[in-house]
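Structural features, examined
Single-letter residue listing:
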Number of protein chains: 2
Amino acid sequence: MPGADVGPQAAQRPAGFPIASGWTGEVADLDPRATPGFEGRKADGRALLARRDATLGELQERLYAAHHGREGGRSVLLIVQGMDTSGKGGIMRHVVGGVDPQGVDIAAFKAPTPAEKRHDFLWRIRRRTPAPGIIGVFDRSHYEDVLIHRVHGWADAKEIRSRYTAINAFERELSEAGTVIVKVMLHISRQEQGERLMERLERPDKHWKFSPGDVDEREHWDAYMDAYTRALRATSTVGAPWTVIPADRKWYARIAVQQLLLDALEGIDPQWPAADFDVEEQIDRLRATMD
Amino acid sequence: MPGADVGPQAAQRPAGFPIASGWTGEVADLDPRATPGFEGRKADGRALLARRDATLGELQERLYAAHHGREGGRSVLLIVQGMDTSGKGGIMRHVVGGVDPQGVDIAAFKAPTPAEKRHDFLWRIRRRTPAPGIIGVFDRSHYEDVLIHRVHGWADAKEIRSRYTAINAFERELSEAGTVIVKVMLHISRQEQGERLMERLERPDKHWKFSPGDVDEREHWDAYMDAYTRALRATSTVGAPWTVIPADRKWYARIAVQQLLLDALEGIDPQWPAADFDVEEQIDRLRATMD
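Residues numbered from 1 in each chain as written. Chains lettered and ligands numbered in written order. Predicted model: local features only at pLDDT ≥ 70, side-chain atom pairs only at ≥ 80, totals over all residues. Heavy atoms only, no water.

Moving on: the overall build of chain A. Of regular secondary structure, chain A possesses 11 helices and 7 strands. The C-alpha radius of gyration computed for chain A amounts to 21 Å, which stays within 12% of the reference 19 Å derived for 291 residues, consistent with globular compactness. For chain A, the spread of C-alpha atoms along the three principal axes comes to 70 × 45 × 35 Å. A burial count over chain A gives 52% of its 291 residues as buried. Placing the 40 positive and 44 negative side-chain charges of chain A at their respective mean positions leaves the two points 4 Å apart. (Helix = DSSP H or I, 4+ residues; strand = E, 2+ residues; numbered from the N terminus. Rg over C-alpha atoms; globule rule 2.2 N^0.38 Å. Buried < 20%, exposed > 50% of the residue type's maximum accessible area, 1.4 Å probe, protein only. Lys, Arg positive; Asp, Glu negative; His and termini not counted. Charge placed at Lys NZ, Arg CZ, Asp CG, Glu CD.)

Shown next as structure tokens:
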């Protein structure tokens, strides 16, 4: 699409750091305290997050301007998975929250309702894929159907494999229709989760975030790590790669997700759309209405 | 509901300013450059907006914690109306954007689609009213059906009156179900609109926001002011009062809307919900899982 490339230029945008997408290893082998690709410490990370916030906002506005309302327009879908307390809410507040809320659509997928259960597991997911020009964000997703379902045996190995196939077909279709898919697993240690749950128990203003079931689920930690390893290996495709993000350091997880979103948007490289009217003529018309 | 009142206290919250809701006057009589209730200037206003952002965030989190997922829980609905360029988008970015996006649901109502037109004018509106615990925001609303429809004669006086009645009944029902309704008209001068449209024409990165029809609509300015005056008078109720906010100074309009949202939330006064489990017992259980 032809467009006027004005406003902040790519060259003026503050630099980020390289982050590799795609994952085929064992999740448990990745150190949850690592900060891959980033040399700095906490204060540097927080400064980077703030500095790149405006860049993310500008790219989101360009995406909206160039693609919203257009048949076949581009969009971004960020899928966030992770164990309880892994920091999904913090990603929503501190990374996604920096963007104009008019351009973002967050969907939180909890346990399916009876109505949702009557449909295929992708039914409720398809209804929330982002419109052109929009950054869609999934807080949990269709991946729950191959993670918690495997861990608790709610689906057998054959069924899980058939879901991988359905997921890959669905995501390929989405990607071919113009959506850049960014999938992240926020990877924390079992020890870190214990400390974060303890904080929820020690602060009355955090009790509402705790459920006794959270302690029960910790018993299945290794089974979850195994389920993640299998699911990520089966569904990390060229068009929709997974990134496992070490998340014991919240500040790192946030700049990493921000970086992936920036990479996705810079890949689309949306341009301000050219005017579909004669600018000088409209300036004259407008001037005639002013006293 | 019994709850633990911990975390930032009301007494520690930074003070705001008094703003009167309810409107029965002529919109055109209100000075769009006024700053009613606020003594300060631009820098003070911007500082206030930033200072109260955390308070708004804290109250929103309490609302979510106390009411989300509850049958009959409370919610807030902010309805934003105003002429083109009156600053609705800025309210979304700078006031609503300060809140955790997981607790907010923004609906932008544009010209209805053919499918929407086959239904009653409140049909698409009802589908987007906020769930318990959520702050819903309407960027334009069902009021377009008594504003632009009156100005362009798409509905006659009798039909408009019947829509007022339907709106009041709908909003009363919503309010009785637990939603606090905040309705604002961002009031700019015709001169200010001309300057803001000119800026859109002069900046290529703003061309996408301009449409030649915006200039045509300026011809109907007085008719719009009259339509607003009539609509606000007919629908400013005790349960859902209108506030006309002078909006030539963007910074003032933003602190005024923020103040109204804070007043709405403080009226609900949501409390952190009490734990529905034995806290000490869960601490012991959790500790047993930690090495």
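Residue and element names in this part refer to chain B. Following the sequence through the fold, Ala253 ends up in helix α10 (residues 250-268). Ala253 sits 67 residues away from Leu186 along the chain, and the two C-alpha atoms are 7.1 Å apart. Dropping the residues within four chain positions of it, Ala253 is found in contact with Ile91, Leu186, Ile245, Pro246 and Ala247. (Contact = heavy atoms within 4.5 Å.)

What follows covers the sheet that holds strand β4 (residues 135-139) of chain A. All names here are of chain A. The strand order across the open sheet formed by 5 strands is β3-β4-β2-β5-β6, and the pairing between neighbours is parallel. Two strands close off the open sheet at either side, each with one partner strand: β3 (104-108) and β6 (242-246). Across the sheet, the mean angle separating the axes of adjacent strands is 20° when strand polarity is ignored. Alignment of β3 against β4, held across 5 bridges, turns out to be parallel. Counterpart to Asp105 in the pairing with β4 is Gly136. The strands touched by helix α6 (residues 157-176) within the sheet are β2 (75-82) and β5 (179-187), with β5 carrying the most contacts at an inclination of about 130°. (Pairing = 2+ DSSP bridges. Axes fitted to C-alpha atoms, helices over the stretch in contact; angles between N-to-C directions.)

So, about the packing of helix α5 (residues 144-151) of chain A against α6 of chain A. All names here are of chain A. Viewed as axis vectors pointing N to C, α5 and α6 meet at an angle of 170°, and their least axial separation amounts to 10 Å. In terms of orientation, α5 lies roughly antiparallel with respect to α6. Contacts between α5 and α6 involve Asp145, Val146, His149 and Arg150 from the first element and Ile160, Arg163, Tyr164 and Ile167 from the second. (Parallel < 35°, antiparallel > 145°, perpendicular 65-115°, else oblique.)

Moving on, we come to the environment of Ala231 of chain B. All names here are of chain B. Locating Ala231 in the fold gives a position in helix α9 (residues 221-235). Taking C-alpha positions, Ala231 is 22 Å from Leu261, a pair spaced 30 residues apart along the chain. Not counting residues within four places of it along the chain, the set of residues in contact with Ala231 comprises Val146, Leu147 and Tyr164.

Time to look at the interface of chain B and chain A. The partner chain A presents 47 residues to the 47 residues of chain B that form the contact. When the two sides are added together, the surface that chain B and chain A hide from each other amounts to roughly 4400 Å², 67% of it contributed by carbon and sulfur. Summed over the three residues of chain B that lose the most area to chain A, namely Gln102, Trp208 and Leu286 of chain B, the buried surface amounts to 14% of that side. The interface formed by chain B and chain A contains 6 salt bridges. One salt bridge connects Arg285 of chain A with Asp216 of chain B, and the closest N-O pair in it is separated by 2.3 Å. Where chain B meets chain A, there are 10 residue pairs in polar contact (both at pLDDT 80 or more). When residues of the side of chain B that touches chain A are traced back to their parent elements, those giving at least two are α1 (42-67), α2 (88-94), α7 (190-202), α8 (212-218), β7 (272-273) and α11 (279-288) of chain B. The greatest single-element share of the side of chain B that touches chain A, amounting to 7 residues, is contributed by α7 of chain B. Across the side of chain B that touches chain A, the residue classes break down as 23 nonpolar, 8 polar and 16 charged. (Buried area = accessible area lost by both parts, 1.4 Å probe. Salt bridge = Lys/Arg side-chain N within 4 Å of Asp/Glu carboxyl O. Polar contact = N/O pair within 3.5 Å; in protein donor to acceptor, adjacent residues only side chain to side chain. Nonpolar A, V, L, I, M, F, W, Y, C, P; charged D, E, K, R; others polar.)

Two modes of strand pairing occur in sheets, parallel and antiparallel, and in both the strands are linked by backbone hydrogen bonds. Residue and element names in this part refer to chain B. Taken together, 5 strands build an open sheet; the order of strands is β3-β4-β2-β5-β6 and the sheet is parallel. Looking along the sheet, the strands with just one partner apiece sit at the ends: β3 (104-108) and β6 (242-246). Neighbouring strand axes in the sheet, compared pairwise and without regard to direction, differ in orientation by 20° on average. In this structure, strand β5 (residues 179-187) lies alongside β6, joined through 5 bridges in parallel fashion. What sits directly across from Lys183, in β6, is Trp242.

If you rotate chain B by 180° and push it 0.0 Å along the axis, it lands on chain A with an RMSD of 0.0 Å. In symmetry terms, the pair is related by a two-fold rotation axis. Comparing interface residues between copies, 100% of those in chain B also lie at the interface in chain A; the contact surface is shared. (Least-squares fit on C-alpha atoms with pLDDT ≥ 70 in both.)

The next subject is the side chain of Ser75 of chain A. Relative to the elements of secondary structure, Ser75 of chain A occurs in strand β2. Once residues within four sequence positions are removed from consideration, Ser75 of chain A is found in contact with Pro130, Ala131, Pro132, Gly133, Ile134, Gly178, Thr179, Val180 and Ile268 of chain A.

A separate point is the side chain of Asp248 of chain A. Residues and elements named next belong to chain A. With respect to the helices, strands and loops of the structure, Asp248 is situated in the loop between β6 and α10 (250-268). Of the side chains with opposite charge, Arg33 comes closest to the buried, unpaired Asp248, at an N-O distance of 4.5 Å. Engagement of the side chain of Asp248 in a polar contact is seen with the side chain of Ser189, the distance being 2.9 Å. Residues contacting Asp248, with those up to four places away along its chain left out, are Pro32, Arg33, His187, Ile188, Ser189, Glu192 and Arg196.

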